[in-house]
Amino acid sequence: MHQIVILGGGTGGTLTANRLRRAYGWDEAHITVVDQDDAHVYQPGLLFVPFGLTQPEDIVRPRGRQLRHGIDYLTTGVDHVATDRREVVLADGMTLAYDALVVATGSVLAPEETEGLTGPGWMERVFTFYTPEGAAGLEAALDTFDQGRLVVNVVEMPIKCPVAPLEFCFLADWFLRERGVRDAVELAYATPLDGAFTKPVAAEHLGGMLADRGIELVTEFNTGEVDGTGGRLISYDEREIPFDLAVVIPAHNGAPCIGRSPGLGDELGFVPTDQHTLQSTVAPEVFAVGDAASLPISKAGSVTHFEGEVLVENVQRFLAGKPLDGSYDGHANCFIETGFHKAMLIDFNYDVEPLPGHFPGEVGLPLLKESHLNHLGKLMFQWVYWHSLLPGRDIPGIHSAMPTAGKKHAADT
Ligand SMILES: Cc1cc2nc3c(=O)[nH]c(=O)nc-3n(C[C@H](O)[C@H](O)[C@H](O)COP(=O)(O)OP(=O)(O)OC[C@H]3O[C@@H](n4cnc5c(N)ncnc54)[C@H](O)[C@@H]3O)c2cc1C
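Rules of the game
Per chain, the residues get numbers from 1 upward, laid out in the order the sequence is written. A pLDDT threshold of at least 70 governs which residues receive local features in this predicted model, and a stricter bar of 80 or more applies before side-chain atom pairs are shown or counted, although totals over entire chains, interfaces and linings include all residues. Each side-chain value is worked out from all heavy atoms of the structure, with water and hydrogens disregarded. Note on aromatic contacts: the rings of Phe and Tyr and the six-membered ring of Trp form a pair at centre separations within 6.5 Å, being stacked when their planes are under 30 degrees apart, edge-to-face when over 60 apart, and tilted otherwise. By definition, any uninterrupted DSSP run of H or I lasting at least four residues is a helix, any uninterrupted run of E lasting at least two residues is a strand, and each is numbered from the N terminus. Whether a residue is buried, partly exposed or exposed follows from its accessible area with a 1.4 Å probe, protein chains only, as a fraction of its type maximum: under 20%, in between, or over 50%, in that order. Any Lys NZ or Arg CZ found within 6 Å of a ring centre and within 35 degrees of that ring's normal is scored as a charge over the ring. Two strands qualify as a pair provided that DSSP identifies no fewer than 2 bridges between them. The convention used is that axes are lines fitted to C-alpha atoms, helices contributing only their stretch in contact, and that angles between N-to-C directions extend from 0 to 180 degrees.

## Considering the packing of aromatic side chains
Moving on, step 1. Scanning the model with the defined rule gives 10 aromatic pairs in all.
Moving on, step 2. Between Phe129 and Phe168, the ring centres sit 5.0 Å apart and the planes meet at 20 degrees, which makes this aromatic pair stacked. Remark: Phe168 occurs in helix H3 (residues 164-178) and Phe129 occurs in the loop between strand S11 (126-127) and helix H2 (132-143); sequence separation between them is 39 residues.
Moving on, step 3. Classification of Phe129 as buried rests on a relative accessible area of 2%.
Moving on, step 4. Positioned above the aromatic ring of Phe270 is the side chain of Lys299, whose terminal nitrogen or guanidinium carbon lies 4.1 Å from the ring centre.

## Considering the sheet that holds strand S6 (residues 78-82)
Moving on, step 1. Taken together, the 3 strands give an open sheet; going across it, the order is S6-S7-S8, and neighbouring strands pair in antiparallel fashion. Bordering the open sheet on either side are S6 and strand S8 (95-97), each of which pairs with just one other strand. Averaged over all pairs of adjacent strands, the angle between their axes in this sheet comes to 20 degrees, without regard to strand direction.
Moving on, step 2. Bridging between S6 and strand S7 (residues 87-90) involves 4 bridges; their strand directions are antiparallel. By the bridge assignment for S7, His80 is matched with Val89.

## Examining the pairing of strand S15 (residues 223-227)
On a regular strand, one side chain projects to one face of the sheet and the next to the other, so that they alternate.
Moving on, step 1. Of all 5 residues making up S15, 4 are buried, and the element is well covered by its neighbours.
Moving on, step 2. Of the pairings in the sheet, the one linking S15 to strand S16 (residues 232-235) comprises 4 bridges and is antiparallel in character. Following the sheet pairing, Thr223 is matched in S16 by Ser235.
Moving on, step 3. Taking the residues that link successive antiparallel strands as the turn, the S15-S16 hairpin has 4 residues, and the phi of Gly231 there is positive, at about 70 degrees.

## Thoughts on unusual backbone geometry
Moving on, step 1. The linkage connecting Met157 with the following residue, Pro158, adopts the cis geometry, with an omega of 5 degrees.
Moving on, step 2. Mapped onto the fold, Pro158 is located in the loop between strand S12 (148-154) and H3.
Moving on, step 3. Residue Pro360 is bonded to the preceding Phe359 through a cis peptide linkage, with omega at 5 degrees.
Moving on, step 4. Among the secondary structure elements, Pro360 is positioned in strand S25 (residues 357-360).
Moving on, step 5. Of note in the backbone geometry, Cys161 takes a positive phi value of approximately 45 degrees without being a glycine.
Moving on, step 6. Mapped onto the secondary structure, Cys161 falls in the loop between S12 and H3.
Moving on, step 7. Located in the positive-phi region is Phe340, a residue other than glycine, with phi close to 55 degrees.
Moving on, step 8. Taking relative accessible area as the criterion, Phe340 reaches 37% and is therefore assigned partly exposed.

Structural data, given as structure tokens:
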């Protein structure tokens, strides 16, 4: 009987546990998931809360209920992992021995790392929509915001879903127009990147979309301080951006339990991981999935989903003493809500940047182009998340490997 322990019962932990449970007979593997709480938040839904398009309670479900029968679920904190003893030490001192460990502890927000961010003005004129409380507080603030400067700021990379702050800008533009106050509001987006996004083709498209909507783009802005009283973002190179309302995406770190585990994490608390097999480089029996893994790709639910397929195969191969499958190509896929009931879709991997065309083949959803169809896709994704992605079911036509049919390279256009 293999002992498989999964740390974290979010997107990655849940889909991995469910896929493994289906892969193994009950007498072949004992699977345990550990999470510190029982509230599974559909995080992409947080984007819609500030605009009154959904409520926090509509995007939360009990974690335990997302796990198949035959998976042990422990609601308790992980204190640390002793990789030398192949043992997880829980907050109550109990230990779990493992033959294979899957780290799926995600990333945590660290607003306290930025001077002033959680000081005066926090949750009054400085918010984040990356937590249910922050998103709900921002809804109330936006509702009465009729004039002034609204600034959206990414403090530093990496963050979860790097397109979410851009989506917030587009939705804010739409929301303020719907309310008839857009002309009285200046909108700005301040990012540490040198463009609107990391990849050149998408950065150009998204930068153009910000310009078309009259949203100022401030690049290479590394926030050193937030002055909530004076209404100023101050960068390390002493540039200032004034605001009346700030929407800040705080720095992200790996879960603190990784930092407490000798040798398991890098300097930010993410697990060094082979980018193709998802086996950690720390110990052969340790794997990492989702935001917890230190990989050169976006921290996103879609990435977590595509990684999960290869990771589950590799946990089985590892336990059977077989060579691992090195096929994860960095496939990532994001709907970008652009307002006015439209969205854009981008699909890329480690080597191929987001390109125009269609997904998943010659016929399908338009890529790098706003459409109503993509907006419907974004809305439908919540159902797919609870009913297909988390239970570990395959989604027809959508696989771990990035599809190339349907994509147009520069030479084709
Ligand atoms: C506003 C927002 C919008 C987003 N939009 C999109 C989108 O449109 N598309 C997309 O693909 N992705 C999106 N994402 C990103 C996506 O939600 C995450 O990348 C994904 O959930 C990562 O899954 P994970 O399993 O790695 O982490 P999580 O789902 O965050 O799970 C980590 C789990 O580990 C647990 N944990 C941590 N430490 C401990 C401990 N010490 N003990 C016990 N348990 C612990 C946590 O409680 C948590 O349940 C968005 C995220 C946000 C915040």
